[in-house]
Amino acid sequence: ILHGFQKTKGRLTSLHVVALQRVVEYPQIGKMQLPPVTFVVTQRRHPYFERIGDDLLIKVRLTSAQAKKRLTMEIPLLDGTKFSFVSGMRGERIEHGTMREFPNKGMPIKGGPKRGKLFVQFQFTDRGSSFNHPRGSASMFY
């Protein structure tokens, strides 16, 4: 039974679930009344990922010089695995705000092995050499 919930900016951030009192019968001790049980589930904001339903969005920052090269990106996923892909292949041009979509890399979907999508959005920053990564790789996230 849904007891109460709290929304922040249109998203469910806290959910209170209460199981009602019930009477159960145990062969050894007879009838026993169980107290209600309350579960409070809270969703915290992730430092890199933004959840959009079953999908995830991550913003990757690069310099404009890196965006012109072929880059190997490695993104740590929420389940502890890492997802790698290469940008700048087959004439792909990366511009500030460009999005790439990867099916089955987002949140698990209830009832099956399917997952939502992972969206990677590229953001340019040319604020110095701290963002220059060796060997054409990028791993800086907003």
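Note: the structure precedes this text.
Residues numbered from 1 in each chain as written. Predicted model: local features only at pLDDT ≥ 70, side-chain atom pairs only at ≥ 80, totals over all residues. Heavy atoms only, no water.

### Digging into the overall build of the protein chain
The following threshold applies: Starting at the N terminus, helices and strands are each numbered in turn, a helix being any DSSP run of H or I of at least four residues and a strand any DSSP run of E of at least two. Only protein chains enter the calculation, and the probe is 1.4 Å; a residue is then buried if its accessible area is under 20% of its type maximum, exposed if over 50%, and partly exposed in between. Contacts were defined at the residue level, with two residues in contact if any of their heavy atoms lie within 4.5 Å. For the area figures, the Shrake-Rupley method with a 1.4 Å probe applies, and any residue is considered shielded solely by the protein chains shown.
Helix and strand counts for the protein chain stand at one helix and twelve strands. For the protein chain, the succession of helices and strands along the chain, N to C, is β-β-β-β-β-β-β-α-β-β-β-β-β. The buried share of the protein chain, reckoned over its 142 residues, is 28%. Considering only contacts in the protein chain between residues 6 or more positions apart, those separated by 24 or more positions represent 47%. For the protein chain, the exposed surface amounts to about 10300 Å²; the carbon and sulfur share of it is 53%.

### A few points about the packing of aromatic side chains
Definition in use: Ring geometry is summarised as follows: Phe, Tyr and Trp rings, the Trp one being its six-membered ring, pair when their centres sit within 6.5 Å, and such pairs are stacked at plane angles under 30 degrees, edge-to-face over 60 and tilted between the two.
This model, assessed by the stated rule, comprises three aromatic pairs. Centroid distance F83 to F102: 4.9 Å. Interplanar angle 70°. Geometry classified as edge-to-face. Of this pair, F83 sits in strand β9 (residues 82-87) while F102 sits in strand β10 (residues 99-102); the two residues are 19 residues apart in sequence, bridging distant segments of the chain. The class for F83 is buried, based on a relative accessible area of 12%. Members of the aromatic cluster, each reached through a chain of ring pairs, are F83, F85 and F102.

### Comments concerning the side chain of R100
Rules: Two N or O atoms count as a polar contact when they lie within 3.5 Å, although within protein this holds only if one can serve as hydrogen donor and the other as acceptor, and sequence-adjacent residues are included solely when both atoms are side-chain atoms.
For R100, the location among the structural elements is in strand β10. Side chain to side chain, R100 and E92 meet in a polar contact 3.4 Å long. The residues contacting R100, other than those within four sequence positions of it, are F85, V86, S87, E92, L118, F119, V120 and F122.

### Topic: a nonpolar patch on the surface
Let me state the cut-off plainly: What goes into a patch is any residue over 30% in relative accessible area without a salt bridge, connected to like charges within 9 Å or, for nonpolar side chains (Val, Leu, Ile, Met, Phe, Trp, Tyr), within 5 Å. Basic side-chain nitrogens of Lys or Arg form a salt bridge, by our definition, when they fall within 4 Å of a carboxyl oxygen of Asp or Glu.
Judged by side-chain polarity, Y26, I29 and M32 come together as a nonpolar surface patch covering roughly 290 Å² of accessible area. By secondary structure assignment, the location of Y26 is in strand β3 (residues 22-26).

### A look at the pairing of β9
Regular strands have side chains that alternate between both faces of the sheet. Stated formally: Two strands are counted as paired when DSSP detects at least two bridges linking them.
Going residue by residue along β9, you find F83, F85 and S87 tucked away on one face and K82, S84 and V86 left uncovered on the opposite face. Linking two consecutive strands that pair antiparallel, namely strand β8 (residues 71-76) and β9, is a turn of five residues; a positive phi of about 95° is found at G80 within it.

### Considerations on the nonpolar core
Applicable threshold: Side-chain atoms within 4.5 Å link the members of a nonpolar core, which is a set of buried Ala, Val, Leu, Ile, Met, Phe, Trp, Tyr and Cys residues.
L62, M73, I75, F85, L118, V120 and F122 are the most contacted members of the largest nonpolar core, which has 18 residues in total. Contributing elements (two or more residues each) for this core: β7 (55-62), β8, β9 and β11 (118-124). Among the elements that line this core, the one with the most residues is β7, at four residues.

### Structural notes on the environment of V60
Inspection of the secondary structure puts V60 in strand β7. For V60 and Q121, which are 61 residues apart along the polypeptide, the C-alpha to C-alpha distance reads 6.1 Å.

### Some details on the environment of R51
Tracing the sequence through the fold places R51 in strand β6 (residues 49-52). For the pair formed by R51 and M107, sequence separation is 56 residues and the distance between their alpha carbons is 8.2 Å. Separated by 2.7 Å, the side chain of R51 and the backbone oxygen of G53 make a polar contact.

### A look at the sheet that holds β7
Strand pairing in a sheet is mediated by backbone hydrogen bonds. Such pairs are either parallel or antiparallel. Threshold: Lines fitted to C-alpha atoms define the axes here, with helix axes fitted over just the stretch in contact, and angles between the N-to-C directions of these axes take values from 0 to 180 degrees.
Strand order in this open sheet of four strands is β6-β7-β11-β10, and the pairing throughout is mixed. In this open sheet, the two edge strands, each paired with only one partner strand, are β6 and β10. Within the sheet, the average angular offset between the axes of one strand and its neighbour, ignoring direction, is 25°. By the bridge criterion, four bridges tie β10 to β11 in an arrangement that is antiparallel. Bridge assignment links E101 to a residue of β11, and that residue is F119.

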